[in-house]
Amino acid sequence: MDLYCVWLIIFGLTLTSTLRILEWPPLNCTQLDLQCSVQINNCSDEGWIIPRHQAPNGPLWHSGSQQHVFVRRGESGDLLPVMSLSWSLQINGGVINGTSGTEVHVTEEDSNKSICVRYIFHNKIQNMMINWKPWTFSLDRVVVDPENKYSVSIYNLPKPDLGNYRLDKIFTIPGCMDPRIKAAKVCLENGSLWDPQLSWTVSVDGGERLIITVGFNTAEFSDEYQISIQNTQHSQHVMRENRTSLNVTFELDVWQLPPCEMLIVIQPFFIRCKSNCLHHQTKCNYCSYYQRPPTYSRSLIIKALLGLIMAGGFLTYLLQKTSHTDPGSQLLTTPRGELEGVQIQERKRKVLIIYSLDHPLYIEIVLKLCAFLMAKCGIEVVLDLLDSARLGIVGSVQWLDWQREQIVKSSDKILILCSRGVRAKWRAMCDGAETRVILREDVRSPMGDMLTPALSLLVPSFVRSGTFQNYMVAYFEDVCSEEDVPSPFNIIVRYKLMKHFEELFFRLLDKEKHEPGRVNRIEGITEDEYFQCPSGKALREAVEAFHAYQLEHPNWFEDELVKDTDEDVEVEEPSLEHHAIEQPTESPLTIRQSVPECIEDGPSSPINDVTPSERDHTVYSATLHMTEGLNESKPFPLSAHTHICVSHPAEQDGSCNSVLVGWYPSVSTLKEGTAV
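Bear in mind the structure is a predicted one, so any value in this text is a computation, not a measurement.

1. Examining the sheet that holds strand β16 (residues 209–217)
At step 1: Spatial strand order, β15-β16-β19: three strands in an open sheet with antiparallel pairing. In this open sheet, the two edge strands, each paired with only one partner strand, are β15 (199–204) and β19 (245–253). Strand-to-strand twist in this sheet, taken as the mean axis angle between neighbours without regard to direction, amounts to 20°.

Written as structure tokens, this is what we have:
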């Protein structure tokens, strides 16, 4: 077993979600003629994968039971909202006697937190039915939050190696006003059952001054209240201080209120909802307490006129001051796009994207995502395909290690895009080097397989790091799945693209989407809006194209694998022609610089080292130096017009056996050339 597969999770993640399993009293899944044990949050696939044709069918929702929500007491005695699930085994067309267990996954949509429960059978199921009914299992211990959405997946064990036979459903938990859960403690902490029994009295303190007294009952989980009259124009904050009722007094002039009618509002501050709690209000008519004729209109008009005069004088002063201002000191208006960019980020953020060369259509998705990040979001993207010149000089491992060090020193991010290729190569690393996975695009790419060295370099650094703030994991849910995520990254949030792209973007900026009393939004990058710009539209079309290809070719990934018996993979590049150079068997190569068409414009520059590629013995990598003296040299810059001639030293005449190597800024290719 490779060391990469031995993981000990010693770091705890602080989550605001309450999603968990009530463990007391202990869960019991044993039934008549079936011995069963329960595992909670220990759902590794190791040992539970078999060929698809031997795997049992997926479960069915139990027809005699409705999935519902209710309250039950937890370990501390408090009432908690829980979700109840009930399912049964299929009795038609399935391998029921081969079923060794059943497994439930519950994921909270907002936080992406998930839990799992596994029922393990210790004896084989002999009969397809029990008491003339299908085998039925249930789980009624999942603690949930009101008004949240949860994704539920149920499997039968063992699982198939290809595809899945799972049962999926999304549940929306009702709010605290629902009678089934309003008695839960979380709802009491939100004030769902609070009845303030608001009352009020009005008395006249001579003339036009009113004394208004507001009384109400307090709540157990709210220590602070704000009482307002007439839309918070006049308000007071009071503390409960263990009192069951409070009285608040206001002294107002009649002109401060609208005629006869006033609005009284009580805003509680419960420990769950803080300043967003449901408020209680009532309207009251005070004219029955105030019998004097309405003489306050004259005083109100006088005060309004005085206010208008003061405002007019202030505006006149501003106009005079503006007319004497130097025109050169006028403020410039900032375009809206630039203003948003300034508000969003203080500096340009950078992200290194790690991915697998699964298929040309998947590579197109990665490139379109990079274009969207750069054009729409203003993010600097580091990608091997966009830096092939430097990568070809320094090597893949050195390039990856340098990029990782630069990101760890800053607040930039490493984004790991998971796919079928990532899953397959990670499992191959765990099984040992003998089962290395090579894809056709790995062979076609000038850089080769960049994912395997990236995982070898990043995973140990990820595990040893004291914080995971520099690492992000995502996958395109239309063409990939959560099962493609390597197991070490299961302890951090996995983003579904483009569903969770807004959350991922906030993570890139190190900003919080949810803040006390507010939810931050960025227009144009959500799942329903990102395709409205040209780069977003191109990204969606790339995802849809690959999704359609997967539907037409279910075994597409197996077709992309390069097996030991495969012949050389043909390189299909629309704009570049690749001609292989035969590997020399006796004499080394001599390489010198030349201009196009092999006409020298100056002295040639010998290369001090030529190394065959480890993955393809027909392609060579070289380090170019220009000789300035007898004992010193310097790197020679390669441009779009630099060419290299390669020949065997035994052939001094430079005949037609010479080959011209063309250097391109983004991709290194080999072309036929003429003799020098």
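2. Focus on the pairing of strand β24 (residues 413–417)
At step 1: For β24, the tally of buried residues reaches five of five residues, placing the bulk of the element in the interior.
At step 2: Side chains of β24 alternate between two faces, with Lys 413, Leu 415 and Leu 417 and Ile 414 and Ile 416 buried alike.
At step 3: The pairing of strand β22 (residues 350–354) with β24 spans four bridges and is classified as parallel. Within the sheet, the bridge partner assigned to Leu 352 lies in β24 and is Ile 414.

3. Considerations on the packing of aromatic side chains
At step 1: Taken as a whole and judged by the stated rule, the model has 16 aromatic pairs.
At step 2: Measuring from ring centre to ring centre gives 5.2 Å for Phe 462 and Tyr 471, while their planes differ by 80°; the resulting arrangement is edge-to-face. Here Phe 462 and Tyr 471 have matching classes, each one buried.
At step 3: Directly above the aromatic system of Trp 61 lies the positively charged group of Lys 169, at a separation of 5.6 Å from the ring centroid.

4. Focus: the confidence of the model for the protein
At step 1: On average, residues of the protein carry a pLDDT of 75, and 72% of them reach 70 or more.
At step 2: With pLDDT under 50 throughout, residues 1–15 is counted as low confidence; its partners more than four residues away or in other chains account for 22 contacts.
At step 3: pLDDT under 50 marks residues 325–345. Its contacts with residues more than four places away, or in other chains, come to ten contacts.

5. Thoughts on the sheet that holds strand β25 (residues 471–476)
At step 1: Across the sheet, five strands lie side by side as β23-β22-β24-β25-β26; this open sheet has parallel pairing. Each edge of the open sheet carries a strand with a single partner, namely β23 (380–382) and β26 (494–497). Across the sheet, the axes of successive neighbouring strands diverge by a mean angle of 30°, strand direction being ignored.

6. Section: unusual backbone geometry
At step 1: Note the cis peptide between Trp 24 and Pro 25, where omega equals -5°.
At step 2: Within the fold, Pro 25 resides in the loop between β1 (20–21) and β2 (36–40).
At step 3: Backbone torsion omega between Leu 497 and Met 498 reads 5°, so that peptide bond is classified as cis.
At step 4: Looking at the element boundaries, Met 498 is found in the loop between β26 and α10 (501–508).
At step 5: Of note in the backbone geometry, Asp 33 takes a positive phi value of approximately 65° without being a glycine.

7. Some details on the environment of Lys 513
At step 1: Looking at the element boundaries, Lys 513 is found in the loop between α10 and β27 (514–515).
At step 2: Looking at Lys 513, the relative accessible area reads 9%, which means it is buried.
At step 3: Among residues more than four places away in sequence, those in contact with Lys 513 are Glu 502, Glu 503, Phe 506, Arg 518, Val 519, Asn 520 and Arg 521.
At step 4: Within the structure, Lys 513 has its side chain in polar contact with the side chain of Glu 503 (distance 2.8 Å).

8. Some remarks on the packing of helix α7 (residues 420–431) against helix α9 (residues 451–464)
At step 1: It is at 10 Å that the axes of α7 and α9 come closest, and there the two elements cross at 65°. Considering the angle they form, α7 stands roughly perpendicular to α9. Like other packed secondary-structure pairs, α7 and α9 cross with a definite hand, here right-handed. Listed contacts from α9 to Gly 421, Val 422, Lys 425, Trp 426 and Met 429 of α7 are Leu 451, Thr 452, Leu 455, Ser 456 and Val 459.
At step 2: Classifying every residue of the contact of α7 with α9 by side-chain character gives six nonpolar, three polar and one charged.

Cut-off values and rules
Starting from 1, residues in each chain are numbered consecutively following that chain's sequence as written. It should be noted that, the model being predicted, local features are given only for residues of pLDDT at least 70 and side-chain atom pairs only at 80 or more, the latter also being counted only at that level, while totals for whole chains, interfaces and linings use all residues. To get the side-chain values, take all heavy atoms of the structure and skip hydrogens and water. A pair of strands counts as paired when DSSP detects no fewer than two bridges linking them. Helix and strand definitions follow DSSP, with helices as H or I runs of at least four residues and strands as E runs of at least two, each counted in order from the N terminus. The axes are straight lines fitted to the C-alpha atoms, using for helices just the contacting stretch, and the angles between their N-to-C directions are given from 0 to 180°. Residue burial is assigned from relative accessible area. The probe radius is 1.4 Å, only protein chains are included, and a residue is buried under 20% of its type maximum, exposed over 50%, and partly exposed in between. Side-chain rings of Phe, Tyr and Trp (the six-membered ring for Trp) are treated as a pair once their centres are within 6.5 Å; stacked means planes under 30 degrees apart, edge-to-face means over 60, and tilted covers the remaining angles. The rule for a charge over a ring is simple: NZ of Lys or CZ of Arg within 6 Å of the ring centre, and within 35 degrees of the ring normal. Scored from 0 to 100, pLDDT reflects the predictor's confidence in each residue. Whether two residues are in contact is decided by their heavy atoms, any of which lying within 4.5 Å being enough. Whenever two N or O atoms come within 3.5 Å, that pair is a polar contact, provided that in protein one can donate a hydrogen and the other can accept it, and provided that, for residues adjacent in sequence, both atoms are side-chain atoms. Any angle that falls under 35 degrees is termed roughly parallel, while one over 145 is termed roughly antiparallel, one within 65 to 115 roughly perpendicular, and all others oblique. Each crossing is labelled by how the near helix is turned from the far one, with a counterclockwise turn of less than a right angle marking it left-handed and a clockwise turn marking it right-handed. Classification used: nonpolar for Ala, Val, Leu, Ile, Met, Phe, Trp, Tyr, Cys and Pro, charged for Asp, Glu, Lys and Arg, polar for all others including Gly.

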